[in-house]
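# Working through the structure, step by step
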Amino acid sequence: MNLPSFSVIGAGNGGQAMAAHLSLMGFTVNLYNRTREKLIPILNNGGIYLEGAVSGFAKLNMITDSIEDAIRDTDIIMVTIPASGHSDVAYEMLPYLKSGQIIVLNPGRTFGAIEFYNIIRARSDLNVVISETDTFIYACRSNDGRGKIFRIKDVVSLASIPSWKTNYVVDLLKLAYTQIVPAENVLETSLNNIGSIFHPAPILLNSARIETTEGSFQYYLEGISPSVAKILERMDRERVAVAHALGVNAITALDWLKDTYGVVSDNLYEAIQNTDAYKGLLAPRTLDCRYIFEDVPMSLVPISSIGRQLGVSTHTIDSIIHLASCMHEKNYWKIGRTAVKLGLDGKSAAEIKEIVEGVKEESTVA
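In what follows, the accompanying structure is described. (Residues numbered from 1 in each chain as written. Predicted model: local features only at pLDDT ≥ 70, side-chain atom pairs only at ≥ 80, totals over all residues. Heavy atoms only, no water.)

## Re helix H4 (residues 86-93)
Those residues of H4 that fall on the buried side of the exposure criterion are His-86, Val-89, Ala-90 and Met-93. Looking straight down H4, one finds its buried side chains confined to an arc of 105 degrees; they lie on one side. At its buried positions, H4 is contacted by strand E1 (6-9), helix H3 (67-71), strand E6 (76-79), strand E7 (102-105) and helix H5 (112-120). (Buried < 20%, exposed > 50% of the residue type's maximum accessible area, 1.4 Å probe, protein only. Helix = DSSP H or I, 4+ residues; strand = E, 2+ residues; numbered from the N terminus. Arc of directions from axis to C-beta. Contact = heavy atoms within 4.5 Å.)

## Observations concerning the packing of aromatic side chains
Each aromatic ring pair is characterised by the separation of its centres together with the angle its planes make. For the coordinates displayed, the defined rule picks out 11 aromatic pairs. The interplanar angle of 90 degrees and the centroid separation of 4.8 Å between the aromatic rings of Tyr-219 and Tyr-220 together place this pair among those described as edge-to-face. Owing to a relative accessible area of 2%, Tyr-219 belongs among the buried residues under this scheme. An angle of 10 degrees between the planes, with centres 3.8 Å apart, marks the rings of Tyr-220 and Tyr-278 as stacked. On the criterion of sequence distance, the pair formed by Tyr-220 in helix H11 (residues 219-223) and Tyr-278 in the loop between helix H14 (268-273) and helix H15 (290-293) is long-range, its members being 58 residues apart. Accessibility assignment for this pair places Tyr-220 and Tyr-278 in one class, buried. Connected via pairs of aromatic rings, a cluster forms that spans Phe-198, Tyr-219, Tyr-220, Trp-256, Tyr-261, Tyr-278 and Tyr-291. (Phe/Tyr/Trp six-rings, centres within 6.5 Å; stacked < 30°, edge-to-face > 60°.)

## Focus: the environment of Ser-55
Relative to the elements of secondary structure, Ser-55 occurs in the loop between strand E3 (47-52) and strand E4 (56-59). On the basis of relative accessible area, Ser-55 is assigned to the exposed category, the value being 57%. Each C-alpha atom of the pair Ser-55 and Leu-281 lies 18 Å from the other, and the pair is 226 residues apart in sequence. Sequence-distant contacts of Ser-55, that is, excluding residues within four places in its chain, are made with Leu-24 and Leu-50.

## Brief notes about the pairing of E1
Burial of the side chains of E1 extends over both faces: Phe-6 and Val-8 are buried on one face and Ser-7 and Ile-9 on the other. Sheet topology note: the E1/strand E2 (residues 29-32) ladder contains four bridges and is parallel. Among the inter-strand pairings, Phe-6 is bridged to a residue of E2, identified as Val-29. Running through helix H1 (residues 13-24), the crossover from E1 to the neighbouring parallel element E2 is right-handed. Two strands pair when backbone bridges link them, and E1 and E6 are joined in this way by four bridges, in the parallel orientation. Directly across from Ile-9, in E6, lies its bridge partner Val-79. (Pairing = 2+ DSSP bridges. Right-handed = clockwise from strand over helix to strand, strands pointing away.)

## Observations concerning the sheet that holds strand E11 (residues 156-161)
Strand order in the open sheet formed by eight strands is E5-E2-E1-E6-E7-E8-E11-E12, with mixed pairing between adjacent strands. If you trace the sheet from one side to the other, it starts and ends with strand E5 (62-64) and strand E12 (180-182), each paired once. On average, adjacent strands in this sheet sit at an angle of 25 degrees to one another, irrespective of strand direction. Strand direction decides the pairing type here: E7 and strand E8 (residues 129-133), joined by four bridges, are parallel. Bridge pairing in E8 places Ile-103 opposite Ile-130. The sheet contacts of H4 involve E1, E2, E6 and E7, and relative to E6 the element is tilted by about 150 degrees. (Axes fitted to C-alpha atoms, helices over the stretch in contact; angles between N-to-C directions.)

## Some remarks on the sheet that holds E4
Spatially, four strands are ordered E4-E3-E10-E9 in an open sheet, and the strand pairing comes out mixed. Single-partner strands in this sheet number two, and they are E4 and strand E9 (138-143). Strand after strand, the sheet turns through a mean of 25 degrees between neighbouring axes, direction not considered. The sheet contacts of H1 involve E3, E4, E9 and strand E10 (146-152), and relative to E9 the element is tilted by about 105 degrees.

## Topic: the packing of helix H12 (residues 226-245) against helix H17 (residues 315-328)
The geometry of H12 relative to H17 is characterised by a closest axis approach of 7 Å and an angle of 115 degrees between their N-to-C directions. When the axes of H12 and H17 are compared, the pair comes out roughly perpendicular. Contacts between H12 and H17 involve Ile-231, Arg-234, Met-235, Glu-238 and Arg-239 from the first element and His-315, Thr-316, Ile-317 and Ile-320 from the second. (Parallel < 35°, antiparallel > 145°, perpendicular 65-115°, else oblique.)

## A few points about unusual backbone geometry
In this structure, Pro-107 follows Asn-106 across a cis peptide bond, with omega equal to -10 degrees. Relative to the helices and strands, Pro-107 is located in the loop between E7 and H5. Here the bond from Ile-161 into Pro-162 is cis, since omega is 0 degrees, no more than 30 degrees from zero. Considering the arrangement of structural elements, one finds Pro-162 in the loop between E11 and helix H6 (166-173). Not every positive phi belongs to a glycine, and Asp-144 is a case in point at roughly 55 degrees. Relative to the helices and strands, Asp-144 is located in the loop between E9 and E10. Phi is positive for Glu-329, close to 55 degrees, though the residue is something other than glycine. Residue placement: Glu-329 occurs in the loop between H17 and helix H18 (332-335).

See the structure below:
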């Protein structure tokens, strides 16, 4: 069997780690970034130096700021940019996509695949599969053509639109990532978005510390104290309640840590403290970070919006959205993925599930 070729969209922390690791595994990899400045150190090196859980120098097939060149004739397009840029990159690649290609959002955050699908289906001639993962497979940091993978997650769930294409995509990706397992549908991957719990609230609750130390502390191990963990647990219960209202058997954050990192504990604080993958991961240097501008509008807002539509209270999540909006002086309720923007306004749980399941005879994707 011929190995699939990959395009990695985005040369940030995750994109550099993914592109390098895929290359070291023997795959042909193109790396794209919108701004060429980010690519210059990688171009100068001719590739990416990787260390940590995977080490070596990875030569890439192409390093480019042309999305047309990056995705041309590649089999799998791995989107690693923040979810706040998903819609922009969907429109950018739309003219150049070819039938048979697979697009994977790593991760989709909440309802990313639905947003992407709504844009891509504007081309009725196009037969592509839109997929998303529930989390990013690496705990990593990368900069200037040098990356470090602290840990590769044990399990990552993936689902596609339409859902009957999920196993096909999983089987292909298993050639690179045996950790990937199929989810029932993109509602499951979206509502099992643990980043929505682990990212925005700790940033807000450590805002003074971040501003005074430029993030010079371990984000998870020092930033999530017993009191912070209690707030995360309350948010997590609200997320799970929204998932249940949609008919999704969502996993709790505590069980996610067990499945993903093998950590067993009775409470969230202790589980996080006992997660080796979080050792050495520093906090963001500034409050202008994707843990807010990505995870609030693209993770928390859609959970809240769908929750409100289905009659599920999300008071704690709503308070985090409000605080983030105040801090950034932006209306994240307006910016975010709402039920209206996603085309889900007024729809019942059964109707929403029908949309993501897809019907073979009527679907515009293959």
